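Read off the chains here:
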Amino acid sequence: MSPPSIATPLIDVLPDKAFQLKKEDMLTQQLPDERQRDTTAVVDTTSTQLNGLGAPTCTIPKSLTAPVAFSHPDGSIYCLIDSLKAAFDSERQLGFPINYQQPAESFTRLDQTVRKLMKAYTSSHDDWRKFAFFNPHHYVRNLVDSNDDFELIVICWGPGQYSRIHNHASSHCWLTCLDGAVEEGQYVDERNQAIAEYATTDVAQMPAGEAEIGPCPHLKQCHRATVMPGETAYINDYLCLHSVGCPASVPAPGSCTLHLYAPPIKRATIFVPDEGRVVQRIPGFFSVRGARRTTQEEGPTAPAGRCAAEQTQRAWPPINGQQHYELKTW
């Protein structure tokens, strides 16, 4: 699937000043590079001045800053998960919610910690490869782990495979490139505003794992960037929508990215400008915790370059109380 096409000029920054300020509120300071890579992943929740916004420094109790050792018997990606859990637990103990409406002081601290952990992991480990399953027809999502606070997913993109424009259901989204390169296009409506939240469709109204929920608003691309290995991008619904994909120039098998969604996304809202509609979908997983299901159903390419098997009803056992279909992507 090629990148979504929007018949408006590409601009480098958001022109609307009010929206620009919203985006600046979420930006973080430049992170230091110094870090012990192979021994200890420190959940660095120390005193922090917030982005020069004039907010007071927030001091974190020492009990919440204990280092998390990279010593999990099952491999380093599980140590990353343990370290992320500690960071999220720290914010919860301080009384902060985990979603895109998180107060700036809490988000800034969490964002810095996530970026440091991702950088430390990707700079010296590659055990994510055991979760990297590709599909020749469209990109696929491979679940590494999921809990109440977040889900960690390895997404595999063949050359030329792109997601459709989508939101993140009130969740944080951190995207770290593991291998290859991915392009990210960001979108707002024609008034330069973020897209309003859509109500969650009841699963009973989604017999095929998805439902059309309305006409597509007029969108324009406001920013485009390439994310290279080791780099981390961030987005949430307060900022804009986005689409991600692997440039056709990337050698086969393509690119891999590590996505952290907090909290886990139970419904994705997909925007299809070419068809003038908005669809809500229960996201799926091509593999779960390193395991694939044997299937005979991955057949010829369906319209729009998507796998015909995507319409089947084969589902994984519920994960955190949520039903997930195998080949439902965005």
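Computed from a predicted model, the values in this text were never measured in an experiment.

*Asks:* Looking at this model, I keep getting lost on the overall build of the chain. Mind explaining?
*Replies:* Looking only at helices and strands, the chain features three helices and 18 strands. In the chain, which comprises 330 residues, the share counted as buried stands at 52%. Pairs at least 24 residues apart make up 78% of the contacts formed inside the chain by residues separated by at least 6 positions. Carbon together with sulfur atoms contributes 51% to the accessible area of the chain, which is approximately 14,200 Å² in total.

*Asks:* How should I be thinking about the nonpolar core in this particular structure?
*Replies:* Counting residues in each nonpolar core, the largest one holds 53 residues, and the members touching the most others are Leu84, Phe88, Leu152, Trp174 and Leu260. Core analysis: the next-biggest nonpolar cluster, separate from the first, contains eight residues, Ile195, Leu219, Leu241 and Phe271 among them.

*Asks:* Help me understand the sheet that holds strand β15 (residues 287-288), please; the structure alone is not making it clear to me.
*Replies:* Read from one edge of the open sheet, seven strands run β10-β6-β12-β4-β3-β15-β16, paired in mixed fashion. The open sheet has two free edges, formed respectively by β10 (232-235) and β16 (291-292), since each of these has just one partner strand. Here strand β6 (residues 172-179) pairs with β10 via four bridges, running antiparallel. Each bridged residue has a counterpart across the sheet, and for Thr176 the counterpart in β10 is Thr232. Across the face of the sheet, helix α3 (residues 104-124) comes into contact with β4 (151-157), β6, β10 and β12 (255-262) while running at roughly 15 degrees to β6.

*Asks:* How should I be thinking about the confidence of the model for the chain in this particular structure?
*Replies:* In low-pLDDT segments, the atomic positions of the prediction should not be examined closely. Considering every residue of the chain, the mean pLDDT works out to 74; 61% of them sit at 70 or more. Low pLDDT (under 50) marks residues 296-313, which in the prediction has 42 contacts with non-local residues, meaning those over four places away or in another chain.

*Asks:* Teacher, can you tell me more about the state of the cysteines here?
*Replies:* Each disulfide consists of a covalent bond between the sulfur atoms of two cysteine residues. All chains considered together, the criterion is met by zero disulfides. Free of any disulfide, Cys240 has its nearest cysteine sulfur in Cys222, 4.9 Å distant. Taking the relative accessible area as the measure of exposure, Cys240 reaches 2% and is therefore buried.

*Asks:* Please clarify how the pairing of β12 should be interpreted in this entry.
*Replies:* Each regular strand shows side chains that alternate between the opposite faces of the sheet. Of all eight residues that make up β12, eight are buried, and the element is covered over most of its length. Bridging between β4 and β12 involves seven bridges; their strand directions are antiparallel. Within β12, the residue paired with Cys156 across the bridge is Cys256. Judged from the seven bridges that link them, β6 and β12 form a sheet pairing that is antiparallel.

*Asks:* Where do I start with the environment of Gln221 in this structure?
*Replies:* Among the structural elements, Gln221 can be located in strand β9 (residues 219-227). Residues Gln221 and Asp189 lie 32 residues apart in sequence; the distance between their C-alpha atoms is 8.6 Å. Looking at Gln221, its side chain comes within polar contact range of the side chain of Tyr187, at 3.1 Å.

*Asks:* Please explain the side chain of Asn147 as it appears in this structure.
*Replies:* On the secondary structure map, Asn147 appears in the loop between β3 (140-146) and β4. Separated by 2.8 Å, the side chain of Asn147 and the backbone nitrogen of Asp149 make a polar contact.

*Asks:* What exactly am I supposed to notice about the packing of aromatic side chains here?
*Replies:* Aromatic ring pairs are described here by two measures, namely the spacing of the ring centres and the angle between the planes. Evaluation of the coordinates by the stated rule reveals six aromatic pairs. Taking 6.5 Å as the distance between ring centres and 70 degrees as the angle between the ring planes, the aromatic pair formed by Tyr78 and Phe131 counts as edge-to-face. Remark: Phe131 occurs in the loop between α3 and β3 and Tyr78 occurs in helix α2 (residues 76-93); sequence separation between them is 53 residues. When its relative accessible area of 22% is taken as the criterion, Tyr78 is described as partly exposed.

*Asks:* Got a minute to help me understand the pattern of salt bridges in this structure?
*Replies:* Opposite charge on two side chains lets them pair, provided their charged atoms get close. The tally for this structure, following the rule as stated, stands at seven salt bridges. Between Arg109 and Glu91 there is a salt bridge, with its nearest N and O atoms 2.8 Å apart. Here the residue Arg109 occupies a position in helix α3, and Glu91 occupies one in helix α2, the gap between them amounting to 18 residues. Here Arg109 matches Glu91 in class, with each residue buried. One salt-bridge network, in which partners are shared between bridges, spans Glu212, Glu275 and Arg277.

*Asks:* So what exactly am I meant to see when it comes to unusual backbone geometry here?
*Replies:* Excluding glycine, most residues fall at negative phi; most peptide bonds, likewise, are trans. The peptide bond linking Ala252 to Pro253 adopts the cis configuration, its omega dihedral lying at 10 degrees. Here Pro253 shows up in the loop between β11 (241-245) and β12. The omega torsion of the bond from Ala262 to Pro263 falls at -5 degrees, within 30 degrees of zero and hence cis. By the element assignment, Pro263 lies in the loop between β12 and β13 (268-272). Of note, the phi angle at Ala169 is positive, near 50 degrees, even though the residue is not glycine. Summarising the element assignment, Ala169 is placed in the loop between β5 (165-166) and β6. Here Ala169 falls in the partly exposed class, since its relative accessible area comes to 29%.

Scoring rules and cut-offs
Residues numbered from 1 in each chain as written. Predicted model: local features only at pLDDT ≥ 70, side-chain atom pairs only at ≥ 80, totals over all residues. Heavy atoms only, no water. Helix = DSSP H or I, 4+ residues; strand = E, 2+ residues; numbered from the N terminus. Buried < 20%, exposed > 50% of the residue type's maximum accessible area, 1.4 Å probe, protein only. Contact = heavy atoms within 4.5 Å. Areas by Shrake-Rupley, 256 points an atom, 1.4 Å probe, with all protein chains shown as cover. Core = buried A, V, L, I, M, F, W, Y, C linked by side-chain atoms within 4.5 Å. Pairing = 2+ DSSP bridges. Axes fitted to C-alpha atoms, helices over the stretch in contact; angles between N-to-C directions. pLDDT = per-residue confidence, 0-100. Disulfide = S-S within 2.5 Å. Polar contact = N/O pair within 3.5 Å; in protein donor to acceptor, adjacent residues only side chain to side chain. Phe/Tyr/Trp six-rings, centres within 6.5 Å; stacked < 30°, edge-to-face > 60°. Salt bridge = Lys/Arg side-chain N within 4 Å of Asp/Glu carboxyl O.

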